[in-house]
Amino acid sequence: MTFVLEARALGKKYGKRWALRECTIEIPAGHVVGLVGPNGAGKTTLLKLAGGQLEPTTGGVTVLGGRPGSTPAQLARVGFVAQDTPVYAGLTVAEHLRLSARLNPHWDDGMARERIARLGLVPAHRAGRLSGGERAQLALTLGLCKRPELLILDEPVASLDPLARREFLQGLMEATVEHRLSVVLSSHLVSDLERVCDYLIVLVDSRVQLAGEVDRLLATHHRLTDPRRDPDRLPADQHVVSASHTDRQSTYVVRTEAPIHDPAWTVTPLGLEDLVLAYMDRRPAERRRVALEVQR
Amino acid sequence: MMWLTWRQFRGSAVMMGAVLLILTAVLALTGPDLAARYAAGIAECVPGNTCADFFDRFFDDYQAPFVAVTLAVLVLPALIGLFWGAPLITRELEAGTHLLVWNQSITRGRWLTVKLGLIGLAAMVAAGLCGLVVTWWSGPLDKSAAPELAQMSPLVFSARGIAPIGYAAFAFALGVTVGMLVRRTLPAMALTVAVFAAIQIAMPLAVRPHLLPPVTGSFELGSVNVDGLQILPQGGGPLELFVRTTAVPGHAGAWVLSSELVDPSGRTLAGSGAKRGPSSTIAGSIPVSTTSGPCARTGGPPSMDACMAEVNRLGYRQRATYQPLERFWLFQWIETGIYALLTLGLTGLSFWWIRRRLC
């Protein structure tokens, strides 16, 4: 089985700071993968490594079975829409299509023109005059119409208003279904990804905390609520992701393969956002506790 | 890729083309007239042996445009490094568009190859055209220029022939490399100009004089290499001679590296230091009688020619080292070759950097 993205102990260091470390993941083909994590968690670094924009410091990464960015053929198989969807301000929309047509062997010109027309972009307009949403759509069009097998998008909707966000993601979804391509997109907002992703990677503090298909993640995570109880007394096959306590009750987010039978617990299903937040919360929570102890 | 490079470059190319077109047109229109005046003047002055006067007058008339076009050729490579080289990559990095273009189905090595090749070629063509047109136009003036602006002298040499091609290629590669390392347009531009200027100053000071061992020669003193003499008003004391440091007789256009007055046994004669002579001269005191003989004051100042004849008879000479004009094209090729090597080095560095270090 080939993976769209396969990383082994992948790490990237800027100076003395690790932007990404010990990243080992395998993403099967055919998914829309959401890469989520707080700002500065290493999302862009991981995506740039996958796009061949960066060289790893440690470990290795293969994309669609090849070394990222190494050859024109490899570049042709991967589309990359960078953060803030950069385009040439001085070039017109039509000139962007032309440059992509000349630089990509599988360029689908009919599809590009059709998309541009449907989006209401005027070919003669300079890209510098486009709104943020239009610019993002142009960048997406350039990424899609080179007909890649994998499309990587780095925070594509970060600077868009809610309506433009919805339109952009909608367009992305339609194209994904139509052309059966794999997509990896990052965001620091789960709500952006919730609608479109069926695979999720949570990246916190330069480490991968969680990776898997969304359905499976939701099926194996539960929120347990109970009058205060010690976590040591939780069944052994349950892994506590996060815990919070008030005077009256304890709430745990746990991961478990087995069903939960203990009637003492109130089990509630977990939404994707809560799940992600539970993972994001973990490390800062530890730190917070240390800080409190110091103050005491 | 060619199309994109041209699309991004065409504004600069059109502007450069327009400037060069105007310059070439102006020089092409005035050049023949200049050459005709020179030829007529030479025809007139040779029989009367008054060509030195003609050269002075002729050069004076055209000194302003001569200096202007020479400066234009000197500045052009710096401008190319500044406006074509430095922003080439910083502009992409600052706008983030490198992430757009480097994710098309083209490796960044190839992207850089086309960019450097096309724009570097344009830079060399522009500088070469400018340099050769100016060389052609100022030919008559170079033949009649004052020794300070001799064709081999540092500034004029750099603004003639094929050397500007090397400078332009180097300045462009320097700008690109500095831009890649500094990553910001304005600091990259400033650093490019500073480094280029430093190298352009260091070259004639430290390297060019030694491209070939300079020629050493002893020359009789005369109007070409002596810019005046001086004796005490009351007579007596030594004869103070002001020897030019920029000219040697019989080698017009040469670049004089050192010049001094020597006595018959070859010892250097220093000046008394009492008075400063004209610019670009050094003083030397000659122990010749200034109370009687050709160098004595007889009613008025002594006759220059007679006094010089006496001094030469006694064996005093100008001893000079110089790079003769005959080496002009040889030096042009060597210098262009040096800059070509520097350019290749920088290009190699920029390819390595863009593949390994730049993101």
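These numbers were taken from a predicted model, which means no experiment stands behind them.

With respect to the overall build of chain B
- When you go through chain B residue by residue, the secondary structure sums to 12 helices and 6 strands.
- The globule rule puts the C-alpha radius of gyration for 359 residues at 21 Å, and the 26 Å found for chain B is more than 25% above it.
- Taking the principal axes of its C-alpha atoms as reference, chain B extends roughly 90 × 45 × 30 Å.
- Relative to its 359 residues, chain B shows a buried fraction of 50%.
- Here the analysis covers contacts within chain B between residues at least 6 apart in sequence; of these, 78% occur between residues at least 24 apart.
- As displayed, chain B has an accessible area near 16,200 Å², and 66% of this comes from carbon and sulfur atoms.
- One way to put it: in chain B the 25 positive side-chain charges average out to a point 18 Å from where the 19 negative ones average out.

Some words on the packing of aromatic side chains
All names here are of chain B.
- Within this structure, the stated rule accounts for 17 aromatic pairs over all chains.
- Here the aromatic rings of Trp 352 and Trp 353 are separated by 5.9 Å at their centres, their planes lie at 55°, and the arrangement is tilted.
- With relative accessibility at 43%, the residue Trp 352 sits in the partly exposed group.
- A relative accessible area of 21% means that Trp 353 is categorised as partly exposed.

Describing the domain arrangement of chain B
Residue and element names in this part refer to chain B.
- One can read the domain layout of chain B as domain 1 (2-213 + 328-356) and domain 2 (222-315).
- Between domain 1 and domain 2, the C-alpha centre-to-centre distance is 41 Å.
- With 10 residues of domain 1 at the interface, the matching set in domain 2 holds 7 residues.
- A combined buried area of about 700 Å² lies between domain 1 and domain 2, and 69% of that area is made up of carbon and sulfur atoms.
- The largest contributions to the domain 1 side of the interface with domain 2 come from Pro 147, Glu 148 and Met 152, which together make up 53% of the buried area.
- Seen at the junction of domain 1 and domain 2, the total is 0 salt bridges.

Digging into the packing of helix α4 (residues 87-95) of chain B against helix α6 (residues 108-137) of chain B
Residue and element names in this part refer to chain B.
- Put simply, α4 and α6 touch, their axes get as near as 12 Å, and they point 135° apart. Relative to α6, the element α4 is oriented oblique. When α4 is examined against α6, the residues Leu 88, Ile 89 and Glu 92 are found in contact with a partner set consisting of Trp 111, Leu 112, Lys 115 and Ile 119.
- Considered class by class, the residues forming the contact of α4 with α6 number 5 nonpolar, no polar and 2 charged.

Points about the interface of chain B and chain A
- Taken residue by residue, the interface counts 24 residues in chain B and 31 residues in chain A.
- When chain B packs against chain A, close to 2,400 Å² is buried across both sides, 58% of that on carbon and sulfur atoms.
- Per-residue buried area on chain B facing chain A is highest for Trp 3, Asn 103 and Ser 105 of chain B; these three make up 30% of the total on that side.
- Across the contact surface, chain B and chain A share 1 salt bridge.
- With its nearest N and O atoms 2.6 Å apart, the salt bridge here joins Arg 7 of chain B to Glu 95 of chain A.
- At the level of secondary structure, the elements contributing two or more residues to the side of chain B that touches chain A comprise α1 (2-48), α4, α5 (97-101) and α12 (328-356) of chain B.
- It is α1 of chain B that contributes the most residues to the side of chain B that touches chain A, 5 residues altogether.
- Tallied by class, the residues present in the side of chain B that touches chain A amount to 11 nonpolar, 7 polar and 6 charged.

Conventions used here
Numbers given for residues are sequential positions, taken from 1 along each chain in its written order. For this description, chains carry letters from A and ligands carry numbers from 1, given in the order in which they are written. Only residues with pLDDT of 70 or above have their local features reported here, since the model is predicted, and side-chain atom pairs are shown and tallied only from 80 upward, although totals for entire chains, interfaces and linings are computed over all residues. Side-chain measures here rest on the full set of heavy atoms in the structure, leaving out hydrogens and waters. Strands here are runs of E lasting at least two residues and helices are runs of H or I lasting at least four, both read from the DSSP assignment and numbered beginning at the N terminus. In this description the radius of gyration comes from C-alpha coordinates, and the expected globular size is given by 2.2 Å times residues to the power 0.38. Think of it in three bands: residues with accessible area under 20% of the maximum for their type are buried, residues over 50% are exposed, and the middle band is partly exposed, with areas taken using a 1.4 Å probe on protein chains only. Contacts between residues were defined by any pair of non-hydrogen atoms, one from each residue, lying within 4.5 Å. Throughout, the Shrake-Rupley method with a 1.4 Å probe supplies accessible areas, and for residues the shown protein chains are the sole cover considered. In this count, Lys and Arg are taken as positive residues and Asp and Glu as negative ones, while His and the chain termini are left out. Think of each charge as sitting on NZ of Lys, CZ of Arg, CG of Asp or CD of Glu. Pairing of aromatic rings covers Phe, Tyr and Trp, the last counted by its six-membered ring, and requires centre-to-centre distances within 6.5 Å; plane angles under 30 degrees mean stacked, over 60 mean edge-to-face, and any other angle means tilted. Segmentation of the chain into domains, including their bounds, is taken from an automatic or database domain assignment. Buried area: the sum, over both parts, of the accessible surface (1.4 Å probe) that disappears when the two are put together. Should a side-chain nitrogen of Lys or Arg be within 4 Å of a carboxyl oxygen of Asp or Glu, the pair is scored as a salt bridge. Under this scheme, a helix contributes an axis fitted over its contacting stretch, all axes are lines through C-alpha atoms, and angles between N-to-C directions fall in the 0 to 180 degree range. Roughly parallel covers angles under 35 degrees, roughly antiparallel covers those over 145, roughly perpendicular covers 65 to 115, and oblique covers all other angles. Each residue is assigned to one class: nonpolar for Ala, Val, Leu, Ile, Met, Phe, Trp, Tyr, Cys and Pro, charged for Asp, Glu, Lys and Arg, and polar for all the others, Gly among them.

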